[in-house]
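One letter stands for each residue in the lines below.
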Amino acid sequence: MTFQDLNLNTPLYNALDDLGFTSPTPVQEQSFNVVASGKDVVGIAQTGTGKTFAYMLPILRDLKFSKQDNPRVLVLVPTRELVIQVVEEIEKLSKYINNRVLGVYGGTNINTQKQEVAQGLDIIVATPGRLYDLAVSRALQLKSIQKLVIDEVDVMLDLGFRHQLINIFDILPQKRQNIMFSATMTHDVDLLINDFFINPERVSIAVSGTPLENIEQSRYDVPNFYTKVNLLVQLLNDAETFHKVLVFVAYKRMADRLFKKLDEYFKEELCVIHSNKTQNYRLRSIEQFKKGENRILVATDVMARGLDIDNVSHVINFDTPEYPENYMHRIGRTGRAERKGVAITFSTEKEQEHLKNIEGLMQMEIPLIDFPEMVDISTELIPEERPEIKERNNPTKRKDEDEPGPAFHEKKEKNQKVNLGGSYRREIAKKYKKPKTRGDKNFNKRNKRK
Ligand code: AMP
């Protein structure tokens, strides 16, 4: 397929010619029509796959020349480096288009940026915090935004930007196209999609460059966390075979918990990265692992993306990833550059369903290895594994005498009032019998489903 098959326009073709790009990357090929259709889009693709052009080509093709000053396209990214990079990419494509592109990010003088905004623009690329500040100070009007792109949304949520994103959604026009790109799927990303996107189309570039034939895959069924630790320790004891091991876990708390346990056995050989660690700590860990000073690196999905580390002997999925794309990204860290790699996955009973999805995506079964007899099976459970016990109205349970009971005096009348919050909104809600705030984007969605 060439770019000619994409039905672009002359200015874009000329810009692509100048760049020397002839054919679209897979994510560009798959995203073009979906983004151009105007529907909400969720794309799963890593940096380096050409995803910036994947959303910018259709947006630029359809962005008509306008003299109005308020931006019509908003691109949100997690870091200032990415703001600069995305602006550069847009400028490359816009060489023969008369449009105005501006990048804004925190940590720099806001007044300079206000002046730049005042000159008028078509596309704004921003980090969430600075964008919000510019909008609430009224230097920037967002009422004309037709397309919202959120890039690297997994990193954004992992860095704790969820509230800032929601604040921004609140001040954007309801009628707009949402386009989101993420390298990995996480539970937080899924929640955001469910809360704010309307029937999004999904585009997924699952395989991360490494051919599957280069990776020897296998798996163990393991009952629980502590037994997984025992098995992992047993494997890692063979330092000669397991000489550069990337151990994946789904989230930070699990990474810390596993690190603490492994630290009892492999102290000097061990390092960890996840988003609660400082940038310096993370860089140091990666360096040490790269150089081989540490043999074992424990990492979360989001942090391990983009890691370009050679000669990883083994990828161990300490948990079975909930989203099959993440499995592909994880195992793609080994078996690079024609070398054979090994990927081993641990699955509990609960994780069998994730396993089925992964096998479905790859259209192959991962061979099961019998659980080694010499490894201890633990019966101890971590809080997430314990069954939830819900006790309601248990008549045999005696009330604790020392438990604080209700106060022995009645509240004064004025203290009995309950603060219900913004009276204006309550009045409006009563009048219209439904929320009339701009923020309630889910209202239509909820009612459509009924
Ligand atoms: P991205 O994934 O958006 O960070 O893009 C990675 C790099 O690939 C950027 O430097 C792009 O300029 C480049 N690129 C994007 N699309 C193409 C293409 N169709 N052919 C060759 N290179 C491309």
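For the structure itself, look to the data block above.
Draft legend 1. Representation of the sheet that holds strand β5 (residues 147-150). Taken in spatial order, the seven strands of this open sheet run β3-β4-β2-β5-β6-β1-β7, and their pairing is parallel. Pairing within the sheet leaves two strands with one partner each, and these edge strands are β3 (101-104) and β7 (201-204). Averaged over all pairs of adjacent strands, the angle between strand axes in this sheet comes to 15°, irrespective of strand direction. In this sheet, strand β4 (residues 123-126) lies alongside strand β2 (residues 73-76) in parallel orientation, the contact comprising four bridges. Among the inter-strand pairings, L76 is bridged to a residue of β4, identified as A126. Its contacts with the sheet place helix α3 (residues 51-62) against β2, β4, β5 and β6 (177-182), and it is angled at close to 165° to β6.

Draft legend 2. Spotlight on unusual backbone geometry. A positive phi angle, close to 50°, is found at E152, a residue other than glycine. Assignment of secondary structure puts E152 in the loop between β5 and α7 (153-158). Within the chain, Q363 stands out as a residue other than glycine whose phi angle is a positive 55°. Structurally, Q363 is set in the loop between α15 (352-362) and α16 (413-416). Given the relative accessible area of 72%, Q363 is considered exposed.

Draft legend 3. Quick look at the site of the ligand. Around the ligand sit 16 residues in total, of which S23, Q28, G48, G50 and T52 are the nearest. Within the backbone of K51, an N or O atom sits 3.2 Å from an oxygen atom of the ligand. Protein chains shield 76% of the accessible area of the ligand, which is 500 Å² for the free molecule. Where the shell around the ligand is concerned, the elements lending two or more residues are α3 and α4 (80-93). Taken together, the residues of the shell around the ligand sort by class into four nonpolar, nine polar and three charged.

What counts and what doesn't
- Residues numbered from 1 in each chain as written.
- Predicted model: local features only at pLDDT ≥ 70, side-chain atom pairs only at ≥ 80, totals over all residues.
- Heavy atoms only, no water.
- Pairing = 2+ DSSP bridges.
- Helix = DSSP H or I, 4+ residues; strand = E, 2+ residues; numbered from the N terminus.
- Axes fitted to C-alpha atoms, helices over the stretch in contact; angles between N-to-C directions.
- Contact = heavy atoms within 4.5 Å.
- Buried < 20%, exposed > 50% of the residue type's maximum accessible area, 1.4 Å probe, protein only.
- Near = heavy atom within 4 Å.
- Polar contact = N/O pair within 3.5 Å; in protein donor to acceptor, adjacent residues only side chain to side chain.
- Areas by Shrake-Rupley, 256 points an atom, 1.4 Å probe, with all protein chains shown as cover.
- Nonpolar A, V, L, I, M, F, W, Y, C, P; charged D, E, K, R; others polar.

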